[in-house]
Amino acid sequence: MKTTVVNIVTPDGPVYDSEVSMVIVKTVTGEMGILPGHIPTVAPLAVSAVRLKKDNNTEVVAVSGGFVEIRPDKVTILTPSAEIADHIDMIRAKEAVKRAEQRLQSKQDDIDFKRAELSLKRAMNRINVKEGNI
């Protein structure tokens, strides 16, 4: 079976580096399946789950946006943050949801609602990835 190398990199360093048979990402314009030999492409990513098919298993990584660069033999994902499903701390993610919801519900003028919405979206994505709701 053909494979392609996948690297998921954050400002803190690499999060994932392996060969897989298929990558599924959600770009800002929709979902994209990537097989070995895919045409070169660059696309912005949505806050979402990246699914990595390898040896009849699927690994899932939560990403908080960024970009995917596709080459025929390699897929590189550059993202502000990424967490492999098995490494997600559910308590921390649920606390982040509560904080973001409280900020959104408060009527204070100094609250940045776009930032709070993005925090909520990232936390919910992490919870969904951990629970397998992707």
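Above this text is the structure in question.
In this text the structure is predicted, and so the values were computed from the model without any measurement.

Could you give me a rundown of the packing of helix α1 (residues 90-105) against helix α2 (residues 113-131), with the residues and numbers involved?
Two measures define how a pair of helices packs: the angle their axes make with one another and the distance between the axes. The geometry of α1 relative to α2 is characterised by a closest axis approach of 8 Å and an angle of 150° between their N-to-C directions. The orientation of α1 relative to α2 falls into the category roughly antiparallel. Of the two possible hands of crossing, α1 and α2 adopt the one that is left-handed. Contacts between α1 and α2 pair M90, R92, A93, K94, A96, V97, A100, E101, R103 and L104 from the former with F113, A116, E117, S119, L120, A123, M124, R126, I127, K130 and E131 from the latter. Of the residues in the contact of α1 with α2, the class split is 12 nonpolar, one polar and eight charged.

Tell me about unusual backbone geometry, and name the residues and values.
Positioned with a positive phi, D55 is a non-glycine residue whose angle comes to about 50°. Tracing the chain through its elements places D55 in the loop between β5 (41-54) and β6 (57-71). Given a relative accessible area of 62%, D55 falls into the exposed group. Even without being a glycine, N56 presents a positive backbone phi close to 60°. With respect to the helices and strands, N56 occurs in the loop between β5 and β6. Here N56 falls in the exposed class, since its relative accessible area comes to 82%.

How each quantity is defined
Residues numbered from 1 in each chain as written. Predicted model: local features only at pLDDT ≥ 70, side-chain atom pairs only at ≥ 80, totals over all residues. Heavy atoms only, no water. Axes fitted to C-alpha atoms, helices over the stretch in contact; angles between N-to-C directions. Helix = DSSP H or I, 4+ residues; strand = E, 2+ residues; numbered from the N terminus. Parallel < 35°, antiparallel > 145°, perpendicular 65-115°, else oblique. Left-handed = near helix turned anticlockwise from the far one by under 90°. Contact = heavy atoms within 4.5 Å. Nonpolar A, V, L, I, M, F, W, Y, C, P; charged D, E, K, R; others polar. Buried < 20%, exposed > 50% of the residue type's maximum accessible area, 1.4 Å probe, protein only.

Interpretation in functional terms is not warranted from these geometric data alone.
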